[in-house]
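Examining the three-dimensional arrangement
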Amino acid sequence: MLPGTGPIQPFYFPTTTVLVDDHEEYLDVVPLMLDPMLHLRAFSSPRAALSALGSAGSRPVPGGGWLYRWKDRPSQTQELVALDVDSIHRIVYDPERFSEVSVVVVDYFMPEMDGVNFCKRLNNPLIGKILLTGRAEDSVAIEAFNSGVIDRFIRKSDPLAMNKLEAAIRELQQRYFERAAAFVAETLAMGRFGFLRDPAFRSVFDSVVATFQPIESYVVCNPTGVVMLDAWGIGRFLLVQTDEDLREQYEVAEDRGAPDSVLYALRSGKALPWFWSSGGFYSPQLANPDANLFPATAVQGNRWYYFSLIDHVEPLQLEHVKSYRTWLREQDGPLDTSTLRRNP
């Protein structure tokens, strides 16, 4: 399920956790003791893990240059940035999005390389790092934590080690997206996506999540809202409009001779439009414009928002999306201790 605290992230999806330990038995046992919906990629060789993580760096990182591009500089001291908001929800069409590594869990004592050195050599600052230790290594772990080399450490001998490990993985997965999306989130908050950071709308979002239980979500810019998918790839669209949005829709519809039923819905805020086949606004060519109107609920936060949870998601073509459960099944197969292992 989507994280339930803090601002709504512009994008979120299940990611992969890398587990590094030279004891093959431990690599076999850990997945059986964690939620099977957590995808683990296990390595018995820290060097092989670093190599794999390095090659994975060629994939676009969420929030990176594929979401915004640098324009020509107006001067030597200024840069212009263009955020391609429409590309954000297109993450969902990437069938390998779930292979993005957000957390590493590494044993401290390994003959090839100890866990602290492994974390120092990991060159992706977004990835969360969890060190597994024995009691004798506490001082080393504390020093690594205080210096920022690792984010958490857990004793293998702790009776609650697996509970703590699962909680830490989920927390660091959420932090991964908070860091990766920081630039995008700040930029969107200044425009039509202010609801992402409005606590009043967060309550609305949480109620939708509790009912639908999605595991991935992405902002959509035309119309403004959030598309959400569950583990089976079933989608819903949370359409969000403000007074300004509805006023713009009303003025265009009135200029184009929309019927009274459409004008009343837009003026009253009782229904929200999704005129997906006509570029986002009413068009006289629409055979049944009322079919593009959806019952709305109003909520007051920093401003008035009108929202509708829509099951009709055909315009987003989610039938072409690979679901998380399908992707997990595809990861099954012959395994090697130097490559991946995953939860059954």
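From a predicted model like this one, the values you see are computed outputs, not experimental measurements.

**Things to note about the pattern of salt bridges**
A complete count under the given rule lists 17 salt bridges for this structure. Where Asp 86 meets Arg 90, a salt bridge forms, and the shortest distance between an N and an O atom there is 2.7 Å. When its relative accessible area of 29% is taken as the criterion, Asp 86 is described as partly exposed. A salt bridge links Glu 330 to Lys 322; the nearest nitrogen and oxygen atoms lie 2.8 Å apart. Salt bridges here are not isolated pairs; linked through shared partners, they connect Asp 21, Asp 107 and Lys 156.

**A look at the sheet that holds strand S14 (residues 297–300)**
The six strands lie next to each other as S1-S9-S10-S11-S15-S14, forming an open sheet whose pairing is antiparallel. Here the strands that pair on one side only, and so sit at the sheet edges, are strand S1 (11–12) and S14. Across six bridges, the pairing between strand S11 (residues 235–242) and strand S15 (residues 304–310) is antiparallel. Looking at S15, one finds that Gln 241 is bridged to Tyr 306.

**Observations regarding the sheet that holds strand S8 (residues 152–155)**
The parallel open sheet is built from five strands, whose spatial order is S3-S2-S6-S7-S8. What marks the edges here is a single partner per strand, and that holds for strand S3 (39–43) and S8. The average undirected angle you get between the axes of adjacent strands in this sheet is 20°. Contacting strand S7 (128–133) and S8, helix H4 (residues 138–146) runs over the sheet at an angle of about 165° to S8.

**Considerations on the side chain of Thr 15**
Here Thr 15 is to be found in the loop between S1 and strand S2 (16–20). Here the side chain of Thr 15 touches Ser 102 through a polar contact of 2.7 Å, side chain to side chain. Dropping the residues within four chain positions of it, Thr 15 is found in contact with His 39, Phe 98, Glu 100, Ser 102, Gln 173 and Phe 177.

**Structural notes on the packing of aromatic side chains**
Using the criterion set out here, one finds 15 aromatic pairs in the structure. Put simply, the rings of Phe 11, Tyr 12, Phe 13, Tyr 176, Phe 177 and Tyr 218 pair up and form one aromatic cluster. It is Lys 156 that lies over the ring of Tyr 26; its NZ or CZ is 4.1 Å from the centre.

**Notes on the environment of Phe 275**
Residue position: Phe 275 is located in the loop between strand S12 (271–273) and strand S13 (293–295). Sequence separation of Phe 275 and Leu 293 is 18 residues, and the distance between their C-alpha atoms is 8.2 Å. Not counting residues up to four positions away in its chain, the partners in contact with Phe 275 are Gln 249, Val 262, Gly 280, Phe 281, Tyr 282, Leu 286, Pro 289, Asn 292 and Leu 293.

**What about the side chain of Asp 245?**
Here Asp 245 shows up in helix H8 (residues 243–255). A residue is classified by how much of its surface remains accessible, and Asp 245, at 6% relative accessible area, is buried. Those residues within four positions of Asp 245 in sequence are excluded, and the remaining contacts are Arg 192 and Val 240.

**Considerations on the nonpolar core**
Counting 91 residues, the largest nonpolar core has Phe 118, Leu 188, Phe 201, Phe 237 and Leu 238 as its most contacted members. Per element, the largest residue contribution to this core is six residues, and it comes from helix H7 (residues 199–212). If you look at the next biggest cluster of nonpolar residues, it comprises 19 residues, including Leu 34, Leu 40, Ala 161 and Leu 172.

**Some details on unusual backbone geometry**
Residue Pro 223 is bonded to the preceding Asn 222 through a cis peptide linkage, with omega at 0°. Within the fold, Pro 223 resides in the loop between strand S9 (216–221) and strand S10 (224–229). For Gln 213, which is not a glycine, the phi torsion comes out positive at approximately 55°. Structurally, Gln 213 is set in the loop between H7 and S9. Positioned with a positive phi, Gln 317 is a non-glycine residue whose angle comes to about 55°. Mapped onto the elements, Gln 317 comes out in the loop between S15 and helix H10 (324–330).

**Details of the packing of H8 against helix H9 (residues 260–268)**
Remark: H8 packs on H9, axes separated minimally by 8 Å, with the N-to-C direction vectors making an angle of 160°. The orientation of H8 with respect to H9, classified from their angle, is roughly antiparallel. The chirality of how H8 crosses H9 is left-handed. Between H8 and H9, the contacting residues are Leu 246, Gln 249, Tyr 250, Ala 253 and Glu 254 on the first element and Leu 263, Leu 266 and Arg 267 on the second. In terms of residue class, the contact of H8 with H9 is built from five nonpolar, one polar and two charged.

Calculation notes
Residues numbered from 1 in each chain as written. Predicted model: local features only at pLDDT ≥ 70, side-chain atom pairs only at ≥ 80, totals over all residues. Heavy atoms only, no water. Salt bridge = Lys/Arg side-chain N within 4 Å of Asp/Glu carboxyl O. Buried < 20%, exposed > 50% of the residue type's maximum accessible area, 1.4 Å probe, protein only. Pairing = 2+ DSSP bridges. Helix = DSSP H or I, 4+ residues; strand = E, 2+ residues; numbered from the N terminus. Axes fitted to C-alpha atoms, helices over the stretch in contact; angles between N-to-C directions. Contact = heavy atoms within 4.5 Å. Polar contact = N/O pair within 3.5 Å; in protein donor to acceptor, adjacent residues only side chain to side chain. Phe/Tyr/Trp six-rings, centres within 6.5 Å; stacked < 30°, edge-to-face > 60°. Lys NZ or Arg CZ within 6 Å of the ring centre and 35° of its normal. Core = buried A, V, L, I, M, F, W, Y, C linked by side-chain atoms within 4.5 Å. Parallel < 35°, antiparallel > 145°, perpendicular 65-115°, else oblique. Left-handed = near helix turned anticlockwise from the far one by under 90°. Nonpolar A, V, L, I, M, F, W, Y, C, P; charged D, E, K, R; others polar.

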